[in-house]
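Coordinate analysis (summary)
One letter stands for each residue in the lines below.
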2 protein chains.
Amino acid sequence: MATLKDVALLAGVSVKTVSNVVNGYSFVKPENERRVREALAATGYQPNLGARNLRRGRTGFIALMVPELSIPYFGELAGGVITAAHEHDWSVLIEQTQGQRDPERTTLASLGPHMVDGAIISPEALEKDDFTRHAPGIPLVMLGEHALDVPIDHVGIDNVLAARTAVRHLIETGRRRIAVIGQNPTRGTATQRMAGYREALAEAGLPQSPELIAPANRYHHKDGAEAMAQLLTQGHVPDAVFCFNDMLAHGAVRAAAEHGYVVPRDIAIVGFDNTEHSAYSLPSLTTIAPDKTALAQTAVDLIRDRANGGAGEPKDIQIPFTLKIRESTVGAR
Amino acid sequence: MATLKDVALLAGVSVKTVSNVVNGYSFVKPENERRVREALAATGYQPNLGARNLRRGRTGFIALMVPELSIPYFGELAGGVITAAHEHDWSVLIEQTQGQRDPERTTLASLGPHMVDGAIISPEALEKDDFTRHAPGIPLVMLGEHALDVPIDHVGIDNVLAARTAVRHLIETGRRRIAVIGQNPTRGTATQRMAGYREALAEAGLPQSPELIAPANRYHHKDGAEAMAQLLTQGHVPDAVFCFNDMLAHGAVRAAAEHGYVVPRDIAIVGFDNTEHSAYSLPSLTTIAPDKTALAQTAVDLIRDRANGGAGEPKDIQIPFTLKIRESTVGAR
DNA sequence: TTGAAAGCGCTAACAG
DNA sequence: CTGTTAGCGCTTTCAA
């Protein structure tokens, strides 16, 4: 691999001059520039980013920490982050945590200022303590939850309100026995969505029935299907279910069908995330749709601001969401 | 940020000794080790990976280039690659190309030996020429397609055989007018799957009807739904459809339903990729299931072998696949 | 305008 | 066992 020095030698000039040409700095004597360019081409010189960054004190990378890329929501989000990051000449490093505290903490701690220029983290189980202890010394932005009282930039949607909106919709369409799937005290997301669920019930004067609250460890189809099956076989048949993400919801729809219930006639189901599939499933899924593009953009912008030395209070930015009303609650088909 | 030197100063030893302790090298006098460890703790020392890698001539990163992370198949695959890479102390950098030649080429060219130690690429539209011109000088492994005759390690499934298997299954279950959705001459994947489709038809002595071949530019639900709608409204009603990925298939199922056709009674549908959703949709989707974990593992292993200096002929590794027979072709429910 | 030289933080010879 | 020292490839004063 050709280095600056090689090029300089070949062109018969100093490293500085070559560096100047490469970086388009101050005026270089045309004659020299020509020779440098020739040497550059002849050697096929490619700058060593590692060395350059060492010198400049930046890395050219930002990290993105998500539970699992195999969850379509995070796949979609990650895609958006990569796109947004490219606009600031950043490449994106992705780490997975399974939404568990230990991997989240370890990953956080491993994020040195020498690896990445900043990190976007989507923590589920992290505690305040983990932050204070393992602050990686780089700009950080939290994506999604904000149950933690830590002085870090945050971007997300109003989870409590979103959950309340979803449940309210079920109530407005006449449902009364509304179950929830996804309860999980170790997940920040779950806690907030539970709160919204309870608020909506309270608001409508409906009873809170513990037997209609189904926990879920992971948030895959399987978990939704199992939770739904359990509700149905234990005789706690709801007339609607609010699921904490779309995968749980699709699993629940399937389980309901397998048990002979028709969605939405017998049971209405609403999800959360509006992943691409939900507009095409049978029935299509009513769900909360966060503006994922804005989420990704904003997160990257926040990192950029801090990386450029932006100081001041941590920001907390709310991104809009909408409720997509589809067949799983109003049964158009 | 504390450096080795700071630690050495504080511990009253040389940098070398600190480096030895940090890297667990040769025996260090216990007394010194203790002092070093104290200093390490006191300063909260974190090695500067950039500098270390500069010295070692490695970067600690591998790149993964995929069309879109928002396609669940690639999300699942990327998750597997990240997991496998971690076992070799690599972090994974993800780049998206939209399956288009230009971004693929640009990304390939930008992959210097100083950015990453290797790259796993899942090219769709790249041509041989692009490789010879923009070879990044790092270990490369192609994931998925292998239409190109370039001397690069490759891991994938036998696409032609897989496609043939899928179509054969349709024929065996009595289908005769078998359409295909996803044809696209610029995509390597599509070309191979078309070949398998044709082989299966020929094998069974079925006619090849051009009007049953529906192209698709992108491979999302939308594209599948549109292609299906077009087939149906133009009067080319098939009794089965082979879709080049699961998203197209789900879109097609939905469009069929919207036009009043029942899957699989009127039209059987088979997909490709076996993304998580396909086991839970209504109807669940018959699809080709590549062993994604093996795919990811093997790709990383190939990079590792080359990065460790492994020479020799480019390898071409075939990963097994199975045909998951589900409701969309045999209608259990 | 260009060259020489220092140094980013680290590792690896090479002495001691 | 440990210290000294020379770079890895690059950018950046500082002089010339």
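Residues numbered from 1 in each chain as written. Chains lettered and ligands numbered in written order. Predicted model: local features only at pLDDT ≥ 70, side-chain atom pairs only at ≥ 80, totals over all residues. Heavy atoms only, no water.

A word on the domain arrangement of chain A
Split by domain assignment, chain A resolves into domain 1 (4–47), domain 2 (59–157 + 292–319) and domain 3 (159–290 + 323–330). Computed over C-alpha atoms, the centres of domain 1 of chain A and domain 2 of chain A are 39 Å apart. (Domains from an automatic or database assignment.)

A look at the relation of the copies chain A and chain B
When chain A is fitted onto chain B, the two copies agree to an RMSD of 0.4 Å after a turn of 179 degrees and an axial shift of 0.2 Å. What the superposition gives is, in effect, a two-fold axis relating one chain to the other. Looking at the rotation axis and the C-alpha trace of chain A, the residue lying nearest is L93 of chain A, at 2.1 Å. Take the interface residues of chain A: 100% of them recur as interface residues in chain B, which is what a same-surface contact looks like. (Least-squares fit on C-alpha atoms with pLDDT ≥ 70 in both. Contact = heavy atoms within 4.5 Å.)

Here we look at the side chain of D153 of chain B
All names here are of chain B. On the secondary structure map, D153 appears in strand β5 (residues 153–156). A polar atom in the side chain of D153 sits 2.7 Å from the backbone nitrogen of K315. Residues in contact with D153, not counting those within four places in the same chain, are L140, V141, M142, L302, R306, E313, P314 and K315. (Helix = DSSP H or I, 4+ residues; strand = E, 2+ residues; numbered from the N terminus. Polar contact = N/O pair within 3.5 Å; in protein donor to acceptor, adjacent residues only side chain to side chain.)

Side note on the sheet that holds strand β2 (residues 91–96) of chain B
Spatially, twelve strands are ordered β11(A)-β5(A)-β4(A)-β3(A)-β1(A)-β2(A)-β2(B)-β1(B)-β3(B)-β4(B)-β5(B)-β11(B) in an open sheet, and the strand pairing comes out mixed. For this open sheet the edge positions go to β11 (316–318) of chain A together with β11 (316–318) of chain B, each flanked by a neighbour on one side alone. Recorded for the sheet is a direction-independent mean angle of 20 degrees between the axes of neighbouring strands. Where strand β3 (residues 118–121) of chain B meets strand β4 (residues 140–143) of chain B, three bridges bridge the pair, whose relative direction is parallel. Within β4 of chain B, the residue paired with I121 of chain B across the bridge is M142 of chain B. Contacts from helix α12 (residues 292–307) of chain A reach β1 (61–66), β3 (118–121), β4 (140–143), β5 (153–156) and β11 of chain A within the one sheet, and its direction differs from that of β5 of chain A by about 170 degrees. (Pairing = 2+ DSSP bridges. Axes fitted to C-alpha atoms, helices over the stretch in contact; angles between N-to-C directions.)

Observations regarding the pairing of β5 of chain B
Residues and elements named next belong to chain B. Of the two faces of β5, the one carrying D153 and V155 and the one carrying H154 and G156 are both buried. Of the strand pairs in this sheet, β4 and β5 are connected by three bridges, and their pairing is parallel. Within the sheet, the bridge partner assigned to L143 lies in β5 and is V155. (Buried < 20%, exposed > 50% of the residue type's maximum accessible area, 1.4 Å probe, protein only.)

Quick look at the protein's contact with DNA strand C
Taken together, 24 residues sit near DNA strand C, with T17 and N32 of chain A together with Y45, R52 and R55 of chain B positioned nearest. Of everything in DNA strand C that lies within 4 Å of the protein, sugar and phosphate atoms constitute 70%. One of the side-chain nitrogen or oxygen atoms of R55 of chain B is found 2.5 Å away from a base oxygen of DNA strand C. Taken together, the elements giving at least two residues each to the surface near DNA strand C come down to α2 (15–23) and α4 (49–56) of chain A together with α2 (15–23) and α4 (49–56) of chain B. Here the surface near DNA strand C gets five residues from one element, more than from any other, and that element is α4 of chain B. Partitioning the surface near DNA strand C into residue classes produces ten nonpolar, seven polar and seven charged. (Near = heavy atom within 4 Å. Nonpolar A, V, L, I, M, F, W, Y, C, P; charged D, E, K, R; others polar.)

Here's the deal with the protein's contact with DNA strand D
Surrounding DNA strand D, one finds 24 residues, the nearest of these being Y45 and R55 of chain A together with T17, K29 and N32 of chain B. Sugar and phosphate atoms form 66% of the subset of DNA strand D atoms that lie within 4 Å of the protein. Within the backbone of K29 of chain B, an N or O atom sits 2.7 Å from a phosphate oxygen of DNA strand D. In this structure, a phosphate oxygen belonging to DNA strand D sits 2.5 Å away from a side-chain N or O atom of N32 of chain B. Counting residues per element, the ones that place at least two in the surface near DNA strand D are α2 and α4 of chain A together with α2 and α4 of chain B.

Some words on the pattern of salt bridges
When the charged atoms of two side chains with opposite charge come close together, those side chains can pair. One pass over the full model with this rule turns up 40 salt bridges over all chains. A salt bridge links E258 of chain A to R254 of chain A; the shortest N-O distance between them is 2.8 Å. Of this pair, E258 of chain A and R254 of chain A both sit in helix α11 (residues 246–258), four residues apart, which is roughly one turn of that helix. When its relative accessible area of 46% is taken as the criterion, E258 of chain A is described as partly exposed. You can call R254 of chain A buried: its relative accessible area is 7%. For R37 of chain B, the salt bridge is made with E33 of chain B, and the minimal N-O distance between the two is 2.9 Å. Taken together, the residues span about one helical turn, with R37 of chain B and E33 of chain B both in helix α3 (residues 30–43) at a distance of four residues. (Salt bridge = Lys/Arg side-chain N within 4 Å of Asp/Glu carboxyl O.)

Describing the interface of chain A and chain B
Across the boundary between the two partners, chain A contributes 49 residues, which contact 49 residues of chain B. It is H114, R254 and Y280 of chain A in chain A that bury the most area against chain B; as a group they hold 18% of the surface buried on that side. Remark: the boundary between chain A and chain B carries two salt bridges. With a closest N to O distance of 2.4 Å, R254 of chain A and E327 of chain B form a salt bridge. At the junction of chain A and chain B, the tally comes to 20 residue pairs in polar contact (both at pLDDT 80 or more). Where the side of chain A that touches chain B is concerned, the elements lending two or more residues are α4, α5 (72–86), β2 (91–96), α10 (221–233) and α11 of chain A. In the side of chain A that touches chain B, the residues fall into 23 nonpolar, 18 polar and eight charged. (Buried area = accessible area lost by both parts, 1.4 Å probe.)

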